[in-house]
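Letter by letter, the chains look like this.
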Amino acid sequence: MVFNFNKLYNNLERYFNMVLRVAILGASGIGRYHSREYKNAGCEVVAILGSSEESASKTSKMLEKEFDISVVPYYNLTKLLDCEDLNAVSISTPLKFHYEHVRKCLEAGLHILCEKPFVQNYEEALELCNFAKQKNCILTVNTQWPSIFPLIKQYFKDEKIEKFSMYMEPFGINKADLVMECLPHFNSMLLKLYRQINPKSIKVEIKNNCVKIKFNHVSGEEACAIEYLLKIKETKPTKMGFSINNHQFEREVRENYKQVLIHNRRDVVEIEDPLSVSIRTFVRAINGDKPLISKQEVLENARLQDLLMEKLK
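The rules behind each value
- Residues numbered from 1 in each chain as written.
- Predicted model: local features only at pLDDT ≥ 70, side-chain atom pairs only at ≥ 80, totals over all residues.
- Heavy atoms only, no water.
- Helix = DSSP H or I, 4+ residues; strand = E, 2+ residues; numbered from the N terminus.
- Rg over C-alpha atoms; globule rule 2.2 N^0.38 Å.
- Buried < 20%, exposed > 50% of the residue type's maximum accessible area, 1.4 Å probe, protein only.
- Contact = heavy atoms within 4.5 Å.
- Areas by Shrake-Rupley, 256 points an atom, 1.4 Å probe, with all protein chains shown as cover.
- Lys, Arg positive; Asp, Glu negative; His and termini not counted.
- Charge placed at Lys NZ, Arg CZ, Asp CG, Glu CD.
- Pairing = 2+ DSSP bridges.
- Axes fitted to C-alpha atoms, helices over the stretch in contact; angles between N-to-C directions.
- Salt bridge = Lys/Arg side-chain N within 4 Å of Asp/Glu carboxyl O.

> What should I look at first to understand the overall build of the chain in this one?
What the chain contains, in helices and strands, is ten helices and 14 strands. Radius of gyration (C-alpha) of the chain: 20 Å, near the 20 Å computed for a compact globule of 313 residues. C-alpha atoms of the chain, sized along the principal axes, occupy 65 × 45 × 40 Å. Every one of the 313 residues in the chain was classed for burial, and the buried ones make up 49%. Considering only contacts in the chain between residues 6 or more positions apart, those separated by 24 or more positions represent 66%. A total of about 16,600 Å² of accessible surface is found on the chain, and carbon and sulfur atoms cover 47% of it. Charge-centre separation for the chain: the mean point of 44 positive side chains lies 3 Å from the mean point of 40 negative side chains.

Below, the structure written as structure tokens:
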């Protein structure tokens, strides 16, 4: 047996310097920005997974050029997990691969931040969350918009929440994937207002490239009218906003991607890029803090996703 002194040295270095080693599964889309934010959070991005040898190589060169991040490219997940000494992964591959990729990474004992949608249904979500608990691993989903709640709670903290609405204009999403891609964001915001949602009277309206979903949340004395509005946008800029009772918040992207929320078309609330907050919070969760999105919220989001998607069939 050959003793691996390099691996021992790397483990000791990471132990004393608390540098997490991360791999990005699917780094050519949103995953490329995961890479950037892990670097900004003080992590070492060491590997990526592509769909082919050619795409993985191309993406690795892009990361080197854009963010000065040097990674080993792979196109086989088993090989990546066997060859790399990792602490965590971001999973940004297509939805159809999420269950398989999450399962394999948990088997390897890795902490996971998975892009939304998490998995296809609640049963898969429950199985994976229970497995993550068994492996003592953080498993959370990158529904990052709840990161803004600490900055806006002052506007409605003493009010009973009776109305919630949210709209998004996703760019580059086809009509077939529109609802599945956006629902997790909407649900994650709602779940910061209510721990569990009991949807009643679900109504769906589909017109051209727009989808409107309306329902009521009723539980005991709690009652809230909810509306989701999605619209495919073929050009940028795109809009995103939400309202809580009579408080309307509109996202505005300014120079150098600086983001703000405009409250009731008056007050300006400066916010950090929610993706930056999401990844930094995930890194801190690995070191003992709470993740932005809890296990309960992951599961409740999946349950609500199933209920709403059933009405769209």
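> So what exactly am I meant to see when it comes to the sheet that holds strand E12 (residues 247-253) here?
Whether parallel or antiparallel, the strands of a sheet pair through hydrogen bonds between backbone atoms. The strand order across the open sheet built from eight strands is E8-E9-E10-E7-E11-E12-E13-E14, with neighbouring strands paired in mixed fashion. Strands with a single pairing partner mark the edges of an open sheet, and in this sheet they are strand E8 (199-207) and strand E14 (267-271). Averaged over neighbouring strand pairs, the angle between their axes works out to 15° when direction is ignored. Examined bridge by bridge, E8 and strand E9 (residues 210-219) share seven bridges and lie antiparallel to one another. Across the sheet, Val204 pairs through a bridge with Ile213, a residue of E9.

> What am I meant to see in unusual backbone geometry here?
Where the residue is not glycine, phi is negative for most of them; where a peptide bond is considered, it is trans in most cases. In this structure, Pro117 follows Lys116 across a cis peptide bond, with omega equal to -10°. As for its position among the elements, Pro117 is in the loop between strand E5 (111-114) and helix H6 (122-135).

> How should the pattern of salt bridges be read in this particular structure?
Note on pairing: side chains with opposite charge can pair once their charged atoms come close. A complete count under the given rule lists 15 salt bridges for this structure. With a shortest N-O distance of 2.9 Å, Glu297 and Lys192 are connected by a salt bridge. With Glu297 in helix H10 (residues 295-311) and Lys192 in the loop between helix H8 (178-190) and E8, this pair connects stretches of sequence that are 105 residues apart. Judged by its relative accessible area of 29%, Lys192 is partly exposed. As a salt-bridge pair, Glu252 and Arg254 come within 2.6 Å of each other at their nearest N and O atoms. Given the relative accessible area of 32%, Glu252 is considered partly exposed. A network of salt bridges, in which partner residues are shared, links Arg21, Glu44 and Glu84.

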